[in-house]
Amino acid sequence: MAGLNKKILLLLAGTLDFAANLDEALSSRYINLKFASCENDYFQRTVKGMLKTGEIEKMIRHGEPVFRITSQGGVKLRHSVPMAKRIGKNWDGKWRLVIFDIPEEGKKKREELRRKLIGLGFACWQKSVYISPFDVASDLAEYLSVSDLSDFAIALEAKKIFVGDEKEMVRKLWHLDDLNAKYQELLEKYEGQKEKRGLSEEYLRLLETDPYLPGELLPEPWFGTKVKKLIFGKIA
């Protein structure tokens, strides 16, 4: 998926957090699209192409064109950005653990597995132990099978992990302090400003590094939510 297409879909998908469910998000959440760094002709061509392929839809509100992501656009986004699968989903309260022991001759596959786990939303707990709150059993099982790693890794599911404060564990493993500080800086830069040119792009750069963890596990205050409200909070 082209870079600008992905950015547009990812931005529109952010409205899922402000809808009660996926059907509501796909039927009523429209926003104005603006990217300060894009040449207007290129941006317009991209949007027209996405309208033609059915990835987004347009309507006119108060004389201004506004857009929403379609179900087809959602499928494309989830395929190219694994994180997008987690947008708008509630946590089931369970933890997933992956433990692996891959021989040195399989070093390349070992590194590929680590990258895959990070892409699926896992964090490294120890060198060969990864943890995640996301239900990615089918994706993980498929990857292990295709990669011939089923004999070298096991996946566990647990309702409770006795590590003390779960939120503190999450804060450290996913390095949330750094990300939260960047969200706070972005909020302070644009909050109260009438002109918010560039906000969407700066937000997207952070969103692409955001693990999109369940709200129950995020530190308080979580400035990422405040930035989203700054962008989407007045959507009708």
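Owing to the predicted nature of the structure, the values given are computational and were not obtained by experimental measurement.

So, the sheet that holds strand 4 (residues 123-126)
- The four strands are arranged 4-5-3-6 in an open sheet whose pairing can be described as antiparallel. Looking at which strands have only one partner, the edges of the open sheet turn out to be strand 4 and strand 6 (153-158). Adjacent strand axes in the sheet meet at a mean angle of 30°, parallel and antiparallel pairs treated alike.
- Relative to strand 5 (residues 129-132), strand 4 runs antiparallel, the two sharing three bridges. When the bridges of strand 5 are listed, Ala 123 appears paired with Ile 131.

Overview of the pairing of strand 1 (residues 56-61)
- Pairing geometry for strand 1 and strand 2 (residues 64-69), over six bridges, is antiparallel. Along strand 2, the bridge assignment pairs Met 59 with Val 66.
- Once strand 1 ends, the chain turns through two residues before running back antiparallel as strand 2, passing His 62 with a positive phi of about 55°.

Points about the pattern of salt bridges
- Inspection of every chain in the model, using the stated rule, returns 10 salt bridges.
- Residue Arg 171 pairs with Glu 168 through a salt bridge whose shortest N-O separation is 2.4 Å. Residue Arg 171 and its partner Glu 168 are both found in helix 7 (residues 166-173); the two are separated by three residues, about one turn of the helix.
- You can call Arg 171 partly exposed: its relative accessible area is 22%.
- The partly exposed category is assigned to Glu 168, whose relative accessible area is 27%.

So, the packing of helix 8 (residues 176-190) against helix 9 (residues 199-207)
- It is the contact of helix 8 with helix 9, at a shortest axis distance of 11 Å, that shows an interaxial angle of 175°. Judged on the interaxial angle alone, helix 9 and helix 8 are roughly antiparallel. The segment helix 8 lies against helix 9, with Leu 179, Lys 182, Tyr 183, Leu 186, Lys 189 and Tyr 190 engaging Leu 199, Glu 202, Tyr 203, Leu 206 and Leu 207.
- Across the contact of helix 8 with helix 9, the residue classes break down as eight nonpolar, no polar and three charged.

Re helix 6 (residues 137-146)
- Residues of helix 6 that are buried: Leu 140, Tyr 143 and Leu 144. All buried residues of helix 6 project into a common sector of 95° when viewed along the axis, lining one side. For helix 6, the exposed residues lying more than 90 degrees away from the buried face are Ser 138, Glu 142 and Val 146.
- Looking at the buried residues of helix 6, the elements they touch are strand 3 (95-100), helix 5 (107-119) and strand 6.

Some points on the packing of aromatic side chains
- Applying the stated rule across the entire model yields three aromatic pairs.
- Taking 5.4 Å as the distance between ring centres and 70° as the angle between the ring planes, the aromatic pair formed by Trp 91 and Trp 95 counts as edge-to-face. No difference in accessibility class separates Trp 91 from Trp 95, as the two residues are buried.
- On the basis of an interplanar angle of 70° and a centroid distance of 5.7 Å, the ring pair of Tyr 183 and Trp 222 is categorised as edge-to-face. Of the two residues, Tyr 183 sits in helix 8 while Trp 222 sits in the loop between helix 9 and helix 10 (223-232), which places them 39 residues apart along the sequence.

Concerning the pairing of strand 3
- Counting buried positions along strand 3 gives five out of six residues, so the element sits mostly inside the fold.
- When strand 3 meets strand 6, the two strands line up antiparallel, connected through six bridges. From the neighbouring strand, Leu 97 faces strand 6, where its bridge partner is Leu 156.
- As judged from the four bridges shared by strand 3 and strand 5, these two strands associate in the antiparallel manner. Bridge assignment links Leu 97 to a residue of strand 5, and that residue is Ile 131.

Cut-offs and rules
Along each chain, numbering runs from 1 in the same order as the chain's sequence is written. In keeping with the model being predicted, local features are shown solely for residues with a pLDDT of at least 70 and side-chain atom pairs are shown and tallied solely at 80 or more, while totals for entire chains, interfaces and linings include all residues. The side-chain numbers reported here are obtained from all heavy atoms of the structure, hydrogens and water having been left aside. When DSSP finds at least two bridges between two strands, those strands are taken to pair. Strands are runs of DSSP state E lasting at least 2 residues, helices are runs of H or I lasting at least 4, and numbering of each runs from the N terminus. To get an axis, fit a line to the C-alpha atoms, keeping to the stretch in contact for a helix; angles then go from 0 to 180 degrees between the N-to-C directions. Definition used for salt bridges: Asp or Glu carboxyl oxygen within 4 Å of a side-chain nitrogen of Lys or Arg. Residue burial is assigned from relative accessible area. The probe radius is 1.4 Å, only protein chains are included, and a residue is buried under 20% of its type maximum, exposed over 50%, and partly exposed in between. In what follows, roughly perpendicular refers to angles from 65 to 115 degrees, roughly parallel to angles under 35, roughly antiparallel to angles over 145, and oblique to any angle outside these ranges. We call two residues in contact whenever any of their non-hydrogen atoms come within 4.5 Å of each other. Three classes are used: nonpolar for Ala, Val, Leu, Ile, Met, Phe, Trp, Tyr, Cys and Pro, charged for Asp, Glu, Lys and Arg, and polar for all others, with Gly counted as polar. Throughout, the arc means the angular range of directions from the helix axis out to the C-beta atoms. Classification of ring pairs rests on two measures: the distance between centres of Phe, Tyr or Trp rings, Trp counted by its six-membered ring, which must be within 6.5 Å, and the angle between planes, read as stacked under 30 degrees, edge-to-face over 60 and tilted in between.

Everything listed here is a matter of coordinates, which is why it stays silent on function.
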